[in-house]
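Chain by chain, the residues run as shown.
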Number of protein chains: 2
Amino acid sequence: MADTEDVCAPASLAEPLRVPHKSLMGAGPSNAPPRVMHAGSLPLLGHMYPETFQVMDDIKDGLRYVFQTKNPVTLCLSCAGHGGMEAALANILEPGDTAVICKNSFWFDRASYMAERQGARVVAAEAPLGQPLSLEAAEEAVAKHRPRLLFLVHGDTSAGVQQPLEGFGAMCHKYGTLLVVDTVASLGGAPLYTDRWELDVVYSGSQKVFNAPPGLSPITFSPRAMKRVLSRKQPCSVYFYDILKVGEYWGCFDKPRSYHHTCPVTLFYALREALALVAEEGLTASWRRHQLAAQRLHDGLERLGLRLLVEKPEHRLATVTAVLVPDNVDWTAVTRTAMARHGTEISGGLGPTLGKVVRVGLMGVNATPRFVDRVLGVLEDAIRNPMPKSSL
Amino acid sequence: MADTEDVCAPASLAEPLRVPHKSLMGAGPSNAPPRVMHAGSLPLLGHMYPETFQVMDDIKDGLRYVFQTKNPVTLCLSCAGHGGMEAALANILEPGDTAVICKNSFWFDRASYMAERQGARVVAAEAPLGQPLSLEAAEEAVAKHRPRLLFLVHGDTSAGVQQPLEGFGAMCHKYGTLLVVDTVASLGGAPLYTDRWELDVVYSGSQKVFNAPPGLSPITFSPRAMKRVLSRKQPCSVYFYDILKVGEYWGCFDKPRSYHHTCPVTLFYALREALALVAEEGLTASWRRHQLAAQRLHDGLERLGLRLLVEKPEHRLATVTAVLVPDNVDWTAVTRTAMARHGTEISGGLGPTLGKVVRVGLMGVNATPRFVDRVLGVLEDAIRNPMPKSSL
């Protein structure tokens, strides 16, 4: 019986694997430099080897640097940024809690869906599309609802908004509320001070500014957030996200490390090298480089007669720019032409911006004058000479 | 202000990344062949690119082959096998449900912890250490408790037991119970027929028999399991695991694909090539090769005067063998010596077998006569000439 196959070997797997090279200048992931990809191809090691723990310790050091924090509980979850979002919420929320979530982007839908799955009541703190939530509006919602947490997105990829964060932590703490911040698209590319700004849970992704392969979500918990975790009535409802267990594996507590899951060790190698590259350049230099690249892009777009969704320059996210699609232009033709003729990703809109904008990303190694000029040329050509659908 | 750093760049990241080559002959992960690692270093692609969807479709084909199933809902979760375990339980269980979980290994603790987090009541169906659960004992528990699911581990790495599965599906279905099976350490290395044996949810890992990097959990849901998912009172409590949403991203339903998370695309490339290697060899040939390698290992261990934890040959797992540690031998000296002198992982025990056994893994490319003979030599040397702790 062991010699028979009920389902045959598929013909598709006899074909060669085809992976073309593309210029990833959409909302992410971005392109990875050779040093990072080479690291990711180094030999596998076991999840409890001292050499693996050394790589994890290096990552912890690097993450504390990019998060600008001294939090002992700073590590990397073995999942996508969406998992980081859900882990942040699931570790803090319990059934019956209230979560105030900023509603000005696609991410409100995702975060509120996840918070509700944890049994929390969600209150929306609304801001107009293309604008951040003001400190005053945030305080009004927090003072009224006294929520367990306020959720903000630092770098909103759907509209290209950068949410100011200074003062929000102190405001939240007046009301006993924790501040949870999504930095998936901004970390390393825009100023962020976890400790100085009193942020409580901050998470990110590996595949945006850091130019590492997707699959990891860096996260940090303030002592205040950990106090909350330790005072929960029930443990975190998701074993895989439970920061008390993942943190033990990462050696964040005064306990021996224990086996939580088999870590994606090759992704760890790659992220370790990506963080080493940030440390070599310097974090503030990386912030400046992204700011300068964005400025060059925005100036160039203006020269092309294009407008940005975000009107105020101080609210524009450096890493992702939402460009309003002119009335007479078909956005699908733009993204199609950029990819088909130039091998370059320019993203369409997402959620509330779908159909309204195309999005250009400048992240990590792609945030240079050369790539800005190139993507401006691609965009100009795609708008002026769009390929008809039938020609693809 | 954006020019200051509160936390300095860590010195650790100025050191070079050090990743030594080791022979991974413990309970997993195993070694990855160059073709698989090369695939994992190919250029990044976006999570909604047609080329990425092609890779995902190839993986689906390959997984249906190794699972021996025609289930449309067959895909890969973007997390470790522990996440696969939790996803299987979280998609099926709701608060108030009963789960009968086989208790003969380390995995009872993990699965029951996760099931309880979902609000389920856990009932243990016990079997002695080193033995599988009999069909009779399973039926007794299922008939008595009429649980939502029965959870079995096909290849138990902690004791090296292979759980027979034939007849368990039909038995469960008599009582309206679903059969959930962990095949993390067995899939591809031991006969498994998802459809023929009426298994309802089966999950695995990328890093064992398939020799791909860790970080992915293949999973398949039978139509019966999907019927249960669709009849839940509440949606799955974990967005990241929700098979209705992940399945939509994988194109498993008659719906357009939608953005669920940013997939770890380099891990997908590697798993795609790993599955192509299985298809090239043939699944039944792979099963036979693992069986022959295990037989050669077991014969060799007997010649060395060593005994296996699992007495009955038909209950021995081909991929992981638990070797009883002789009374006069310190198991930590054995694993230490194997690693320090031979660069070879032999694992210690896990959970109920800790201190009682060392575990030898023969998975994928390591399941050959050459590696069997080598690991026997390593084990013999480590037992006869253990290195003192101080010499390391």
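Procedures and definitions
Residues numbered from 1 in each chain as written. Chains lettered and ligands numbered in written order. Predicted model: local features only at pLDDT ≥ 70, side-chain atom pairs only at ≥ 80, totals over all residues. Heavy atoms only, no water. Contact = heavy atoms within 4.5 Å. Buried area = accessible area lost by both parts, 1.4 Å probe. Salt bridge = Lys/Arg side-chain N within 4 Å of Asp/Glu carboxyl O. Polar contact = N/O pair within 3.5 Å; in protein donor to acceptor, adjacent residues only side chain to side chain. Helix = DSSP H or I, 4+ residues; strand = E, 2+ residues; numbered from the N terminus. Nonpolar A, V, L, I, M, F, W, Y, C, P; charged D, E, K, R; others polar. Pairing = 2+ DSSP bridges. Axes fitted to C-alpha atoms, helices over the stretch in contact; angles between N-to-C directions. UniProt positions renumbered as here; feature names shortened; annotations may be inferred. Phe/Tyr/Trp six-rings, centres within 6.5 Å; stacked < 30°, edge-to-face > 60°. Buried < 20%, exposed > 50% of the residue type's maximum accessible area, 1.4 Å probe, protein only. Lys NZ or Arg CZ within 6 Å of the ring centre and 35° of its normal.

Before going further, it helps to examine the interface of chain B and chain A. Across the contact, 100 residues belong to chain B and 100 residues belong to chain A. Carbon and sulfur atoms supply 63% of the area buried between chain B and chain A, which totals about 8,000 Å² over both sides. It is Leu13, Leu17 and Leu44 of chain B in chain B that bury the most area against chain A; as a group they hold 10% of the surface buried on that side. On the surface where chain B and chain A come into contact, there are four salt bridges. For aspartate 6 of chain A, the salt bridge goes to arginine 196 of chain B, with nearest N and O atoms at 2.8 Å. At the junction of chain B and chain A, the tally comes to 34 residue pairs in polar contact (both at pLDDT 80 or more). Among the secondary structure elements, those contributing two or more residues to the side of chain B that touches chain A are helix H1 (34–39), helix H2 (50–67), helix H3 (81–92), helix H4 (107–117), helix H9 (265–281) and helix H10 (283–303) of chain B. The element best represented in the side of chain B that touches chain A is H9 of chain B, accounting for nine residues. Classifying every residue of the side of chain B that touches chain A gives 54 nonpolar, 25 polar and 21 charged.

For the rest of this paragraph, the subject is the sheet that holds strand S8 (residues 178–182) of chain B. All names here are of chain B. Reading across from one edge, S2-S10-S9-S8-S5-S3-S4 is the order of the seven strands in this open sheet, with mixed pairing throughout. Unpaired on one side and paired on the other, strand S2 (73–77) and strand S4 (121–126) mark the two borders of the sheet. Across the sheet, the axes of successive neighbouring strands diverge by a mean angle of 20°, strand direction being ignored. Relative to S8, strand S5 (residues 149–153) runs parallel, the two sharing five bridges. Within S8, the position partnered with leucine 149 by the bridge is leucine 178.

Glancing now at the UniProt feature "modified residue: N6-(pyridoxal phosphate)lysine" (unreviewed entry) in chain A. All names here are of chain A. Sites flagged by UniProt as "modified residue: N6-(pyridoxal phosphate)lysine" (unreviewed entry) map to Lys208. Within the element layout of this structure, lysine 208 appears in the loop between strand S9 (201–203) and strand S10 (217–221). Once residues lying within four places of it in the same chain are set aside, the contact partners of lysine 208 are Ala27, Gly28, Ser30, Thr157, Val184, Ala185 and Met363.

Here the focus is the packing of aromatic side chains. Each aromatic ring pair is specified by the distance between its two centres and by the angle formed by the two planes. This model, assessed by the stated rule, comprises 16 aromatic pairs over all chains. Geometrically, the ring pair formed by phenylalanine 53 of chain A and tyrosine 249 of chain A is edge-to-face, given 6.3 Å between the ring centres and 70° between the ring planes. Note that phenylalanine 53 of chain A is positioned in helix H2 (residues 50–67) and tyrosine 249 of chain A in helix H8 (residues 243–249), a separation of 196 residues in sequence. Relative to tyrosine 259 of chain B, the ring of tryptophan 107 of chain A has its centre 6.5 Å away and its plane inclined at 85°; by these criteria the two rings are edge-to-face. Of this pair, tryptophan 107 of chain A sits in helix H4 (residues 106–117) while tyrosine 259 of chain B sits in the loop between helix H8 (243–249) and H9, on two different chains. In this structure, tryptophan 107 of chain A and tyrosine 259 of chain B share a single accessibility class: buried. Taken together, Phe106 and Trp107 of chain A together with Tyr259 of chain B form an aromatic cluster joined through their ring pairs. Just above the ring of tyrosine 113 of chain B sits the side chain of arginine 117 of chain B; from NZ or CZ to the centre is 4.5 Å. The ring of tyrosine 113 of chain A has lysine 245 of chain B lying over it, and the distance from NZ or CZ to the ring centre is 4.7 Å.

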